[in-house]
Every structure is written in C-alpha cells, then in structure tokens.
Amino acid sequence: MLVQDPYSVLKLAALIIGGVLTVVGALCDLIGAIGLLRFPNYFVRLHAATVATIGGAVYPLFGVAIMSLACDFLGVARWFISAISFLTAIIITLTAPTGSHAVARAAHKAGVPVHPKACDLLEEDRKRGVVK
Amino acid sequence: MRGTELIVVMCTVILIVAVTTAVIMGITAYTPGPEVRPLAKFYLENCLNLWNRAYWAASPEAVCSMLWDYRGIDTLYETTVFFLAIIGGVTVFRLIEVTPPLESLSEKIRRVLGLSVIVRTISKIVASIILIVAVAIAAHGHLTPGGGFQAGAAISVAPLMIIIALSRYFLEERKLTKERMLALRTVGLLTIWCTVIIPLIFALVGQVVYAMQNQAKPWTTFPGFPTGQLSTWIAGSLFIYNMAEFVAVGAGFTLLFLLLSLPEEVFREFMRRLTRK
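Analysis parameters
- Residues numbered from 1 in each chain as written.
- Chains lettered and ligands numbered in written order.
- Predicted model: local features only at pLDDT ≥ 70, side-chain atom pairs only at ≥ 80, totals over all residues.
- Helix = DSSP H or I, 4+ residues; strand = E, 2+ residues; numbered from the N terminus.
- Rg over C-alpha atoms; globule rule 2.2 N^0.38 Å.
- Buried ≥ 20, exposed ≤ 12 C-beta atoms within 10 Å, placed from the backbone.
- Contact = placed C-beta atoms within 7 Å.
- Nonpolar A, V, L, I, M, F, W, Y, C, P; charged D, E, K, R; others polar.
- Expected span 1.5 Å × (residues − 1).
- Core = buried A, V, L, I, M, F, W, Y, C linked by C-beta atoms within 7 Å.
- Bend = angle between axes of the 7 residues up to and from the residue.
- pLDDT = per-residue confidence, 0-100.
- Axes fitted to C-alpha atoms, helices over the stretch in contact; angles between N-to-C directions.
- Parallel < 35°, antiparallel > 145°, perpendicular 65-115°, else oblique.
- Left-handed = near helix turned anticlockwise from the far one by under 90°.

On a plain count of helices and strands, chain A comes out with 4 helices and 0 strands. Rg of the C-alpha trace for chain A: 21 Å, well past the compact-globule value of 14 Å for 132 residues, more than 25% over. For chain A, the spread of C-alpha atoms along the principal axes amounts to about 70 × 25 × 20 Å. A burial count over chain A gives 17% of its 132 residues as buried. In chain A, of all internal contacts separated by at least 6 residues, the share reaching a separation of at least 24 is 64%.

In terms of regular secondary structure, chain B is built from 12 helices and 0 strands. Taking the principal axes of its C-alpha atoms as reference, chain B extends roughly 65 × 65 × 45 Å. Sequence separation of at least 24 residues holds for 66% of the intrachain contacts in chain B that already meet a minimum separation of 6.

With that out of the way, let us pick up the environment of Trp51(B). With respect to the helices and strands, Trp51(B) occurs in the loop between α2 (38-46) and α3 (62-70). Spatially, the C-alpha atom of Trp51(B) lies 48 Å from that of Val19(B), the residues being 32 residues apart in sequence.

Let's shift gears to the interface of chain A and chain B. Frequently, the measure chosen for interface size is the accessible area removed from exposure when the parts meet. The interface is formed by 6 residues belonging to chain A together with 7 residues belonging to chain B. Grouping the amino acids of the side of chain A that touches chain B by side-chain chemistry returns 2 nonpolar, 3 polar and 1 charged.

Looking now at helix α12 (residues 264-276) of chain B. With 13 residues, α12(B) extends 18 Å between its outermost C-alpha atoms, agreeing within 8% with the 18 Å of an ideal straight helix rising 1.5 Å per residue. In terms of burial, α12(B) is a largely surface element, 0 of the 13 residues being buried.

It is worth spelling out unusual backbone geometry at this point. Residue and element names in this part refer to chain B. Positive phi outside glycine occurs at Met212, with the angle close to 65°. Note on placement: Met212 falls in the loop between α10 (178-204) and α11 (237-260). Even without glycine at this site, Ala235 takes up a positive phi of about 55°. Exposure remark for Ala235: the 30 C-beta atoms within 10 Å place this residue in the buried category.

Ranked by size, the top nonpolar core spans 42 residues in total, and within it Ala151(B), Leu238(B), Met243(B) and Ala244(B) carry the most contacts. For this core, the elements supplying multiple residues, two or more each, are α3, α4 (72-92), α6 (117-139), α7 (148-155), α8 (157-166), α9 (168-173), α10 and α11 of chain B. Per-element tally for this core: the top contributor is α11(B), with 15 residues. In this structure Leu238(B) touches Ala57(B), Ser59(B), Cys64(B), Ser65(B), Trp68(B), Asp69(B), His142(B) and Asn214(B), once residues within four positions along its chain are discounted. Membership of the second largest hydrophobic core comes to 13 residues, among which are Cys28(A), Val64(A), Ala65(A) and Ala89(A).

Residue and element names in this part refer to chain B. End to end, α10 covers 38 Å across 27 residues, agreeing with the expected 39 Å (1.5 Å per residue, within 8%). Remark: the principal bend of α10, roughly 30°, maps to Ile198, with a proline, Pro199, within the next four residues. When α10 is considered as a whole, its buried residues turn out to be Lys178, Met181, Arg185, Gly188, Leu189, Ile192, Thr195 and Pro199. Close packing links the buried residues of α10 with α4 and α11.

Quick look at the environment of Lys124(B) now. Note that Lys124(B) resides in helix α6. Placed 41 residues apart in sequence, Lys124(B) and Ala165(B) show a C-alpha to C-alpha distance of 9.0 Å.

All right, on to the environment of His101(A) then. Within the fold, His101(A) resides in helix α3 (residues 77-109). Judged by the 17 C-beta atoms lying within 10 Å of it, His101(A) falls in the partly exposed class. Note: C-alpha distance between His101(A) and Leu46(A) (55 residues apart in sequence) is 9.4 Å. In contact with His101(A), other than residues within four places in its own chain, are Ile118(B) and Val119(B).

The share of residues in chain A with pLDDT of 70 or more is 95%, and the mean pLDDT across the chain is 86. Within chain A, helix α1 (residues 8-38) of chain A carries the highest mean pLDDT (91), whereas helix α4 (residues 121-128) of chain A carries the lowest (82).

Residues with a pLDDT of 70 or more make up 90% of chain B, whose mean pLDDT is 83. Here the predicted complex scores 0.77 on pTM and 0.77 on ipTM.

Here we take up the packing of α1(A) against helix α2 (residues 42-70) of chain A. Residue and element names in this part refer to chain A. Axis separation between α1 and α2 bottoms out at 7 Å; the angle between their running directions is 165°. On the basis of the axis angle, α1 is roughly antiparallel to α2. When the axes of α1 and α2 are compared, the crossing they make is left-handed.

What follows is the structure, encoded as structure tokens:
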C-alpha cells in the first residue's frame, strides 16, 4: 500500500499534524475553562475565555482542514471540508479577539474594578490624558 | 406572598401536565408519520422533473419552487405585508424630516466616532465578507437552501454592525440614507409585482396564461421564463423573485436600523421646535 500511493508520507504527516493541532485545541479549551473559573477579576477571566475561543476553535479547525485532505474515503467532500474549515478559522481569528477587545474596553471605561492589579497602563494613560 | 407563589407553581404544573397529555394523546394536531406524504411526494418528483415538464418549476430546490412557484401568490402577499409592516415602522418616525446634524460635526470628531480603531477596521473587513455571502445566498436561492429573505436578513447585519462600530455617519456619508433605502425597497417590491404581471401581458394578446406562471404548461400557450438550462441555471422567474426580495428585505431592515439609530438629541430638538411652534 505504501508503494502504490506516492503521497502516503505526506498524508501521514498531515494526519499527525492535524491530530496534534486538535489535541492542542482541546488543551486550550481545558485551560480556558479552568481560568474562567479560577481567575480573580473580570479582565483576566475574559482573557481565559479568549484563550478558549481562539485556541479551542481555531487550532482544531486548522487541524481538521489539514486532516481532511489526507482522508481519501471522504471523496470530493474533503476539499469542501478543508476549505470551509480554513475560512472559518480565519474569520474566527479576526473576529473573536476584536470582540474581546471591544468588551474589555467598554468594561474598563464603565469602571469595572481591576482588583488584584499588577499594572494598568490604560488607566495611567487616561490619567495623563493620552487616551480619552 | 407564599400563597401567591404556591398558586403560580400549581398552575404551571397543571398546565405542563395538561399540555403533555394532550400532545401524547395526539389531540393538538395531526402528527406526521415517518413516511413521505403525497403532497411532499408531488413536490419532490416534480420540481426538477426533466422528463415530464407539465408541473415542473425548473429548480432543484423544492422549498424555493414551492415558495415562489407552486404557492407563489402566498409569498407575494407575505412580501407585501412585510413591506407594509416596515411602512408602519417608518410612520412612527414620520416627524423626523430633519437629517442628523452631520455638517455641524467637525471632520476630526467624525473620524473618531464609534469604537476603537481595531474594532472599526475588523468591522469593515467583516462587513464586506457579509455583503459577499449575502449576495451569494440570494443568487443561489434556486439551487441551495437560502433565498431572498434569508439573504436580505443576512445583508442587513452589515449596516447594523457598521452603525454600532463606525457610527451612523459612516453610512450617511456613503449616501446610504433612509430616503434611498425606502426607494430601493420600493423598487424591489415593484420588480416582484412586475414579474407577476408579465404573463398577464401575454393574456392581452390572447394567450392562455396564469398569473405568476413560471414555466410553460401543456395546456397554456405562455412560453415560460428562460430556465438557463444550457448555460447557467437560473430557474425562470425564481431567480428574479429571489434577487428582488433580497433587495427589498435588505433595504427594509437597513431602513429600520437607520431610523432606530437616530440620535436622541436630534429627536428632542425636533420635538422642542414643534412645541414652540
């Protein structure tokens, strides 16, 4: 079988890379869930949620995009699956951080307390009048 | 207080038990079985029957051919009702003959209206993607699930997002005003009605036609709308209906969002002037 298919090494590599990306995504989801429960204030919890969104959705989607290329039993559908996963991953990469950014900015502007605070550069900038 | 809560809980429990019993006993309605019913079988067999074209709609999408061909008059009046509903919404805002004071704002303020620069940039990118997807949904309405109304609802998300992220003035500077939206949706509805009436023009010449007829029938002399069978499949009038509905619904929702996002200060100023008069 290895002799018949000239792309068998590439396919094996694609399956392994895709599998690793999917596992990394699952780990990101786990980390994000733990962080969401354990982090002390709103902004770091939002950070954990973003880790879960980006890591837990984008990495597995890239993994699926790579893996489905190697799955011959899917027939023509594998090109569609791959392209759609890839596009969805890119759109999530664009929109999810933007959403988190907008929510965090609004929360900071509305005065949500940053309680255990290491540093708050945005607040310092506001005090100095650099940022409105 | 305790007694009231008890009564509410009791009533809820009785209601749930009664509804569940009614549904289980089949009292509420006819429960469809797993087999395909004769009516559904008719649509499935006939919507793209290349061998027997007596009842065909020239569209592989059974839902679209039902909506715009088999029971098209229903959808036609639904669209008109939707148009009138938006007109009702516009009527609430009929006092607003003034445009928001765009000129009174300086160029510098106008540029920083809306959210931060990250959100504004990404919103522009995503809005353009939404436009492409919506046009694709409308243009493939006779081939894949979707169609005019869904595409119109999808495209109206773009102006809503732009209003939130980039402020209303971004749309107004690009001439997407409420007057133009009103005109655009009227054009959409008129296109639908004209397409309905086109077969009737053949009746004036003495042909045998139905109103809103799409394809030729053996017992009518109307030649039917082009199917595009040899080049690009456009399914007769279904394509026209989908695109016109897309324009009408998209412009209608955009119009509502534009009206709802009028600054309150403009409203108050207008009412103040009205009462002073």
